[in-house]
Amino acid sequence: MITISLCMIVKNEEKVLERCLKSVSEFVDEIIIVDTGSEDKTREIAGKFTKKVYDFPWRDDFAAARNEAFSRATMDYCMWLDADDVVTDENRKRICCLKETIDPDTDMVMMKYAISEDLEGNPLFSYYRERLVRNGRGFLWKGRVHEVIVPAGKVIYSDIVIHHRKIGAGDGDRNLRIYEKMIEEGEKLDERSKFYYGRELLTHKRYAQAKRVLEEFLAGDGWAENKIEACLNLAECFRALGQKEDGALALLKGFLYGAPRGEACFELGRYFQEKEEWEMAIFWYETALKLTPPGETGAFVRRDYYGYLPEINLCVCYDHLGETRKAYEYHLKSRARKPEAREVKWNEQYFREKGMEEIRIV
């Protein structure tokens, strides 16, 4: 059976660190904590779980801090988590099983990272990350922000999910501040950094600047999955700038880099719905429903774009066309997914007033 070193970088994580460490105690064989300048009880909490707590002066470089943590690992594999990550009971069992069954020649295990979830804990927004890495194979983190280990060697994709459950807002300006410092210092952004810099600008509603950066990224040699996502982000910029047709064209451009995704098809449906072109909106929403979320690609996956969101909007579109029965069918589908959603309750009242709840849909 393989052994695992949990390698973490932390700073002022007293609210969440104990929750994280308790969730991994069953399967990790070593815990390494690299503290980058905590001023709260983070080190005290870490000390309850491990004696291997080290100081590392923060220098606006996540890769440097993670490489420091990995360099201190002594077990077969290094695993990373952020302090506000949690491993659920189900996924602890999966990791314990993985430890017993994994081929020891495996270099890297990809696990899903669930950034948001529904009330039952099912991932709504997720993507694969390089979560378990073979120690001593020369793997290094790269990137001062949105750091990554480039997959290499024997890589397997698992069904294990790590849940990111943030408490509090945190420093929402940090990543953008680091990117802009890099630019001020004359550092040339690589393609991946351009992509994430554009997304940070978008998050900060600096739409015109985000548009320029994302367009520059799309003109380069970036990873196809990032280009697909960049087209979605670019469409959002155009939409915010009042250039909706350009936004629709950006969504269509994403089809050049890979098979259509539910996210883009839904947004195209929304574009036509806002123009009250109901048939075109229906076409794109129904197309989104026919698609399957991408699997082992590393893509950002928004589950609602393949189910709930198209369904509830199809309800609206069919109702505007006077096809009330069809609209009600999609209402029932959306209600089955999210019975407590505000929009579902509105529609429930609307159809009740129409007497539709008396009709049994086959």
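Each remark here, short or long, concerns the structure printed above.
Rules of the game
- As a convention, each chain's residues are numbered from 1 in the sequence order in which they are written.
- Under the rules for a predicted model, residues below a pLDDT of 70 receive no local features and side-chain atom pairs below 80 are neither given nor counted, while totals for whole chains, interfaces and linings still include all residues.
- No hydrogens and no water enter the side-chain calculation; it runs on all heavy atoms of the structure.
- Strands are runs of DSSP state E lasting at least two residues, helices are runs of H or I lasting at least four, and both sets are numbered from the N terminus onward.
- Burial classification: accessible surface area is computed with a 1.4 Å probe over protein chains only, and a residue below 20% of its type maximum counts as buried, one above 50% as exposed, and the rest as partly exposed.
- As used in this structure description, the phrase polar contact means that two N or O atoms lie within 3.5 Å; if the pair is within protein, one of them must be able to donate a hydrogen and the other to accept it, and residues adjacent in sequence are counted only when both atoms belong to side chains.
- Two residues qualify as a contact provided that any one of their heavy atoms is within 4.5 Å of a heavy atom in the partner residue.
- Among buried residues, those of type Ala, Val, Leu, Ile, Met, Phe, Trp, Tyr and Cys that are joined through side-chain atoms within 4.5 Å constitute a nonpolar core.
- Cavities and pockets were defined on a 1 Å grid built over protein atoms only: a cavity is a set of grid points that admits a 1.4 Å probe from which the probe cannot escape, a pocket is an open set flanked by protein on both sides within 12 Å along at least five of seven lines, and lining residues are those with an atom within 4 Å of any such point.
- Grid points are joined across faces, edges and corners, and a volume is the space filled by probe spheres set on the points.
- Only C-alpha atoms enter the line fits that serve as axes; for helices the fit covers just the stretch in contact. Angles between N-to-C directions range over 0 to 180 degrees.
- If an angle is under 35 degrees, it is roughly parallel; if it is over 145, roughly antiparallel; if it lies from 65 to 115, roughly perpendicular; otherwise it is oblique.
- Whether a crossing is left-handed or right-handed is set by the direction in which the near helix is turned from the far one by less than a right angle, anticlockwise for left-handed and clockwise for right-handed.
- Whenever Lys or Arg places a side-chain nitrogen within 4 Å of a carboxyl oxygen from Asp or Glu, that contact is recorded as a salt bridge.
- Throughout, the arc means the angular range of directions from the helix axis out to the C-beta atoms.
- Should DSSP find at least two bridges between two strands, the strands are taken to pair.
- Only Asp, Glu, Lys and Arg are considered charged, only Ala, Val, Leu, Ile, Met, Phe, Trp, Tyr, Cys and Pro nonpolar, and every remaining residue, Gly among them, polar.

Asks: Help me out: how do you make sense of the side chain of Asn-91 in this one?
Replies: One can find Asn-91 in helix H4 (residues 89–101). On the accessibility criterion, Asn-91 (2% relative accessible area) is buried. Polar side-chain contacts of Asn-91 include one of 3.2 Å to the side chain of Arg-94. Excluding its chain neighbours within four sequence positions, the residues that come into contact with Asn-91 are Asp-159, Ile-160, Val-161 and His-163.

Asks: Can you walk me through the nonpolar core in this structure?
Replies: Grouped burial of nonpolar side chains is what soluble globular proteins tend to show. In this structure, Leu-6, Met-8, Met-79 and Leu-132 are the most contacted members of the largest nonpolar core, which totals 104 residues. For this core, the element with the highest residue contribution is helix H8 (residues 224–240), accounting for seven residues.

Asks: In this structure, what is going on with the layout of surface pockets? I would like to understand it.
Replies: Rolling a probe over the atoms, with the probe sized like a water molecule, indicates the empty space that remains. Put simply, the second largest pocket is a space of about 360 Å³. Looking at the second largest pocket, it is lined by 16 residues, and the ones nearest its centre are Asp-118, Leu-124, Asp-304, Arg-337 and Lys-338.

Asks: Explanation requested: the packing of helix H9 (residues 244–253) against helix H10 (residues 262–274) in the structure shown.
Replies: Packed helix pairs are specified by the crossing angle of their axes together with the interaxial distance, meaning the distance between the axes. One way to put it is that H9 packs onto H10 with a least axis distance of 9 Å and a crossing angle of 155°. Of the possible angle classes, the one that applies to H9 and H10 is roughly antiparallel. H10 is crossed by H9, and the crossing has left-handed handedness. Facing H9, whose interface residues are Lys-244, Glu-245, Ala-248, Leu-251 and Leu-252, H10 presents Ala-264, Glu-267, Leu-268, Tyr-271 and Glu-274.

Asks: Help me understand the pattern of salt bridges, please; the structure alone is not making it clear to me.
Replies: Close approach of charged atoms allows side chains with opposite charge to pair. Under the counting rule described, the total for this entry stands at 38 salt bridges. Between Arg-94 and Asp-159 there is a salt bridge, with its nearest N and O atoms 3.9 Å apart. With Arg-94 in helix H4 and Asp-159 in strand S8 (residues 155–164), this residue pair connects regions lying 65 residues apart in the sequence. We classify Arg-94 as partly exposed; its relative accessible area is 25%. Three or more residues are tied together by salt bridges with common partners; here these are Glu-18, Lys-22 and Lys-48.

Asks: Help me understand helix H1 (residues 17–24), please; the structure alone is not making it clear to me.
Replies: Spacing of three or four residues puts side chains on the same side of an α-helix, whose turn is 3.6 residues. Looking only at H1, the buried set comprises Leu-17, Cys-20, Leu-21, Ser-23 and Val-24. Taken down its axis, H1 places every buried residue within 160° of arc, on the same side. Those residues of H1 hidden inside the fold are in contact with strand S1 (4–10), strand S2 (30–35), helix H2 (42–47), strand S5 (85–86) and H4.

Asks: Quick question: what am I supposed to make of the pairing of strand S4 (residues 77–80) here?
Replies: The two faces of the sheet receive side chains in turn, since in a regular strand these alternate between them. Neither face of S4 is exposed, since Tyr-77 and Met-79 on one face and Cys-78 and Trp-80 on the opposite face are all buried. In this sheet, S4 lies alongside S1 in parallel orientation, the contact comprising four bridges. By the bridge assignment for S4, Ile-4 is matched with Tyr-77. As paired strands, S4 and strand S7 (residues 123–134) are joined by three bridges and run antiparallel to one another. Looking at S7, one finds that Met-79 is bridged to Leu-132.

Asks: For this particular structure, what's the right way to read the pairing of strand S6 (residues 108–117)?
Replies: Summarising the sheet, S6 and S7 pair through nine bridges and their orientation is antiparallel. Pairing of Met-110 across the sheet is with Glu-130, part of S7. Taken together, the six bridges between S6 and S8 define a ladder with parallel strand orientation. Its bridge partner lying in S8, Met-110 is registered against Tyr-157.

Asks: Is there a simple way to think about the packing of H8 against H9 in this case?
Replies: Two elements in contact, H8 and H9, have axes separated by 8 Å at closest approach and are oriented at 175°. By the criterion of interaxial angle, the relationship of H8 to H9 is roughly antiparallel. Residue-level inspection shows Cys-231, Leu-232, Leu-234, Ala-235 and Phe-238 of H8 in contact with H9, the latter providing Lys-244, Asp-246, Gly-247, Ala-250, Leu-251 and Lys-253. Here the contact of H8 with H9 is composed, by residue class, of seven nonpolar, one polar and three charged.

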